[in-house]
Amino acid sequence: MLDLIASDTESELLTSDIALLHGAGNWPGYTATRLFDDAVFPVCTPDFLSRTPLQTPEDLLAAPLIDLDYTHWNWMNWGIWLTETGLDPTRATTLMRTNSYMAQLDAARAGLGVALAWEGQLGDDLTSGRLVRPIDHAVTTPFGYYLILRDSAEPVARQLARSLLDAAT
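For every chain, the first residue of its written sequence is number 1, and the numbers climb from 1 along that sequence. Under the rules for a predicted model, residues below a pLDDT of 70 receive no local features and side-chain atom pairs below 80 are neither given nor counted, while totals for whole chains, interfaces and linings still include all residues. As a rule here, side-chain values cover all heavy atoms of the structure and leave hydrogens and water aside.

Chemist: I tried to follow the pairing of strand S1 (residues 18–23) on my own but got confused; where do I start?
Modeler: Sheet faces and side chains relate simply in a regular strand, where the side chains alternate between the two faces. For each residue, the accessible area found with a 1.4 Å probe, counting protein chains only, is set against the maximum for its type, and the residue is called buried under 20%, exposed over 50%, and partly exposed in between. Every helix listed is a DSSP run of H or I at least four residues long, and every strand listed is a run of E at least two residues long, numbered separately from the N terminus. Of all 6 residues in S1, 5 are buried, a share of seventy percent or more. Where S1 and strand S6 (residues 139–150) come together, 6 bridges link them in antiparallel fashion. The partner of His-22 across the bridge, within S6, is Tyr-145. What makes two strands pair is DSSP finding at least two bridges between them.

So, in structure tokens, the structure goes:
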């Protein structure tokens, strides 16, 4: 039987034989396969960009930013992103804050402001043009997204993990 758990709580996900996790790739008792890197960059709608010209990271300080609550040690928010870019995050204008990555992207898709996006999680948004990168700057971290498999997993879980990895490549 397959139990599907959707959670942002790592300890809850580590009760599973297979999980998709963000981190440094070291979970004792699991084999971790990196799916994609942690490249984070601003996104907004084309309409928002036409109303709010953004060309440099500094321009983001005056734009309405949609922020992600910093509730997990390895998540990136605007404060971290701006600091990594060499800017003072206290000069930025935060329009709204949410603890949900999907809600942050939905607000950006609605044209409310600029959100941070993780390269491997945008799906068709960039390809379809629903969201655009207003500036060509990304911050990368040592973290990434991993498929993890419990070392003691049953053969059916191992087969599922292989199928998921094959589909991801």
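Following the structure, the description resumes.
Chemist: Whenever I open this one, the environment of Trp-118 confuses me. Can you help?
Modeler: Mapping Trp-118 onto the fold places it in strand S5 (residues 114–118). According to the relative accessible area criterion, Trp-118 is buried, its value standing at 4%. For Trp-118, the residues in contact, after removing those within four places along its chain, are His-22, Asp-38, Ala-39, Val-40, Leu-68, Met-76, Tyr-101, Gln-104 and Tyr-145. In what follows, a contact means two residues having at least one pair of non-hydrogen atoms within 4.5 Å.

Chemist: Sorry, what's going on with helix H4 (residues 101–109) here?
Modeler: For the α-helix, the turn length of 3.6 residues means that residues three or four positions removed from each other point alike. Taken together, the buried positions of H4 are Tyr-101, Gln-104, Leu-105, Ala-107 and Ala-108. Looking down the long axis of H4, one finds its buried residues gathered within 155° of arc, a one-sided arrangement. On its buried face, H4 sits against strand S2 (30–43), strand S3 (64–68), strand S4 (93–98) and S5. Just downstream of H4, Gly-111 is the residue with a positive phi angle, here 80°. The arc in question is the one traced by the directions running from the helix axis out to the C-beta atoms.

Chemist: Help me understand the side chain of Asp-125, please; the structure alone is not making it clear to me.
Modeler: Residue placement: Asp-125 occurs in helix H5 (residues 125–128). In this view, Asp-125 contacts Arg-109, Arg-130 and Leu-131; residues no more than four positions away in its chain are not counted.

Chemist: Help me out: how do you make sense of the nonpolar core in this one?
Modeler: As a rule of thumb, nonpolar side chains are buried together in soluble globular proteins. We call a set of buried residues a nonpolar core when its members are Ala, Val, Leu, Ile, Met, Phe, Trp, Tyr or Cys and they connect through side-chain atoms within 4.5 Å of each other. Ranked by size, the top nonpolar core spans 33 residues in total, and within it Val-43, Trp-78, Trp-81, Leu-82, Val-114 and Trp-118 carry the most contacts. Those elements giving two or more residues to this core turn out to be S2, S3, helix H3 (78–84), H4, S5 and S6. At 5 residues, the largest contribution of residues to this core is made by S5. If near-sequence neighbours (up to four positions away) are discounted, Trp-81 is found in contact with Val-40, Phe-41, Pro-42, Leu-60, Met-76, Leu-116, Ile-135, His-137, Ala-138 and Val-139. Counting 7 residues, the second largest nonpolar core, distinct from the first, contains Leu-13, Ala-19, Tyr-146 and Ile-148.

Chemist: Would you mind showing me how to read the sheet that holds S2 here?
Modeler: Remark on secondary structure: sheet strands pair via backbone hydrogen bonds, oriented parallel or antiparallel. With mixed pairing, the 6 strands of this open sheet are ordered in space as S1-S6-S2-S5-S3-S4. At either margin of the open sheet sits one strand with a lone partner, and together these are S1 and S4. Taken over all neighbouring pairs, the strand axes of this sheet differ in orientation by 30° on average, direction set aside. Pairing between S2 and S6: 9 bridges, direction antiparallel. Note that in S6 the partner of Tyr-30 across the bridge is Arg-150. Here the axes come from fitting lines to C-alpha atoms, over the contacting stretch only for helices, and the angles between their N-to-C directions go from 0 to 180 degrees. In the packing of H4 onto the sheet, the strands contacted are S2, S3, S4 and S5, and the crossing angle to S5 comes to about 130°. On the sheet, helix H6 (residues 155–168) packs against S1, S2 and S6 and is oriented at approximately 145° with respect to S6.

Chemist: Would you mind showing me how to read the packing of aromatic side chains here?
Modeler: Side-chain rings of Phe, Tyr and Trp, where Trp is taken by its six-membered ring, are said to pair if the distance between their centres is within 6.5 Å; with planes under 30 degrees apart they count as stacked, over 60 as edge-to-face, and otherwise as tilted. Tallying each qualifying case throughout the model produces 4 aromatic pairs. Ring plane angle 25° and centroid distance 4.9 Å describe the contact between Phe-36 and Tyr-145, whose orientation is recorded as stacked. Of this pair, Phe-36 sits in strand S2 while Tyr-145 sits in strand S6; the two residues are 109 residues apart in sequence, bridging distant segments of the chain. Tyr-145 gets classed as buried once you look at its relative accessible area, which sits at 15%. Consider the rings of Trp-78 and Trp-81, whose centres lie 5.6 Å apart with planes at 75°: the pair is edge-to-face. Taken together, the residues Trp-78 and Trp-81, both in helix H3 and 3 residues apart, mark about one turn of the helix. The exposure class of Trp-78 is buried, given its relative accessible area of 2%. On the accessibility criterion, Trp-81 (0% relative accessible area) is buried.

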